[in-house]
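Chains, contacts and geometry: an overview
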Amino acid sequence: CANNYLGLSSHPEVIRAAVEALEKFGAGLSSVRFICGTQSIHKDLEEKIARFHQREDAILYASCFDANAGIFEALLTPEDAVLSDELNHASIIDGIRLCKANKYRYKHMDMQDLEAKLQDAQKHRLRLVATDGAFSMDGDIAPLREICQLAQKYDALVFIDECHATGFLGPNGRGTDELLGVMDKVTIINSTLGKALGGAAGGYTTGPKPLIDLLRQRSRPYLFSNSLPPAVVGCASKALDLLMESNAIAQSMAAKTQRFRSKMTAAGFTISGKDHPICPVMLGDARLAAVMADDMLNRGIYVIGFSYPVVPKGKARIRVQISAVHSDEDIDRCVEAFTEVGRKHGALP
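These numbers come from a predicted model, not from an experiment.

A short note on the domain arrangement of the protein chain
By domain assignment, the protein chain separates into domain 1 (8–245) and domain 2 (248–345). Here the C-alpha centroids of domain 1 and domain 2 sit 28 Å apart. On the domain 2 side, the residues contacting the 16 residues of domain 1 number 17 residues. Broken down residue by residue, the surface that domain 1 buries against domain 2 is led by Met137, Asp138 and Phe168, which jointly contribute 44%. In this structure, the connection of domain 1 to domain 2 is made through 1 salt bridge. For arginine 317, the salt bridge goes to aspartate 138, with nearest N and O atoms at 3.2 Å. In this assembly, domain 1 and domain 2 are joined by 7 residue pairs in polar contact (both at pLDDT 80 or more). By residue class, the composition of the side of domain 1 that touches domain 2 is 8 nonpolar, 6 polar and 2 charged.

Points about the side chain of threonine 205
Along the chain, threonine 205 falls in strand β7 (residues 203–207). In this structure the side chain of threonine 205 is engaged in a polar contact, spanning 2.6 Å, whose partner is the side chain of asparagine 190. Leave out the neighbours within four places in its chain, and threonine 205 touches Asp57, Ala58, Ile59, Tyr61, Ala67, Ile71, Ile188, Ile189, Asn190, Leu211, Ile212 and Leu215.

A closer look at the nonpolar core
One finds Leu6, Leu45, Ile49 and Leu193 to be the most contacted residues of the largest nonpolar core, which totals 33 residues. Elements that contribute at least two residues to this core include exactly α1 (12–25), α3 (40–53), β1 (57–61) and α11 (230–245). A total of 8 residues in this core trace back to one element, the largest contributor, which is α11. If near-sequence neighbours (up to four positions away) are discounted, isoleucine 49 is found in contact with Ala58, Leu60, Leu193, Tyr204, Thr206 and Leu240.

Conventions and cut-offs
- Residues numbered from 1 in each chain as written.
- Predicted model: local features only at pLDDT ≥ 70, side-chain atom pairs only at ≥ 80, totals over all residues.
- Heavy atoms only, no water.
- Domains from an automatic or database assignment.
- Contact = heavy atoms within 4.5 Å.
- Buried area = accessible area lost by both parts, 1.4 Å probe.
- Salt bridge = Lys/Arg side-chain N within 4 Å of Asp/Glu carboxyl O.
- Polar contact = N/O pair within 3.5 Å; in protein donor to acceptor, adjacent residues only side chain to side chain.
- Nonpolar A, V, L, I, M, F, W, Y, C, P; charged D, E, K, R; others polar.
- Helix = DSSP H or I, 4+ residues; strand = E, 2+ residues; numbered from the N terminus.
- Core = buried A, V, L, I, M, F, W, Y, C linked by side-chain atoms within 4.5 Å.
- Buried < 20%, exposed > 50% of the residue type's maximum accessible area, 1.4 Å probe, protein only.

Written out as structure tokens, the structure is:
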């Protein structure tokens, strides 16, 4: 159930890179970036992130939560509008609350509702559509092609949070914009170093250089938070190196995900989302999700039950996350355990 999509948090080269950075630069820099917290490794990592996403520049944060908290207030004014998917991550919602722009919330992945909201927002100076690229609770993927078409039609910018996409979605793991062929149409990407890219901590914004320059001057979480620790920078930088050298790890995810989803469906379970390694096993009942998760742990499978208020009432589930380091045998054993536990508790006939 970890977000360790590529297994890089325990990769020997990633660990070695962290140790080397720790020994060379110390435990931490005891400073924010603009005082004495910017070292060569921070600039190198920002350049690498921009190159990976094929963007002009990038800026590091302590987390993607901070990146989302820091962008909307710096970018948008009371003359502007932001249009947000109703199921966006809590950090996007909190970031939008901090800004003074006019706020619109459109129904989840509903393009008719988004278009209606964009039509109403034409009276504002600038329009920004904000969405998760992949939604972490349901494992569904935003319809970015359609979002970008609407953004072009109504002269809006597109922002995506790629925390559950960076490193493994798309042919080279560059995310949902690569997966759906709209890399040149998405303006701003926020993502994390704390999931697929080493799993430690850290987040970033990447996009047009003028935007990144603005964030360096105006983004409060960047200005008033300590620099990322050298060890974190080192491991994230090595993780990106491994991804840019070969797409083999990223591509291995698709087959493993399909194996789990198809076998669980054949066993009689309902798996939410589509083609994403987040595989929510939908159960509906909160107590059933909790007791099944406990029984799975007794069988050596570590999964967690999710229920209200993390997900809507009646939508309780056990969220399984597939990793590149899971073997076919691991996946098959997980399905077998789910089948046994599901029958025991009446989730399967």
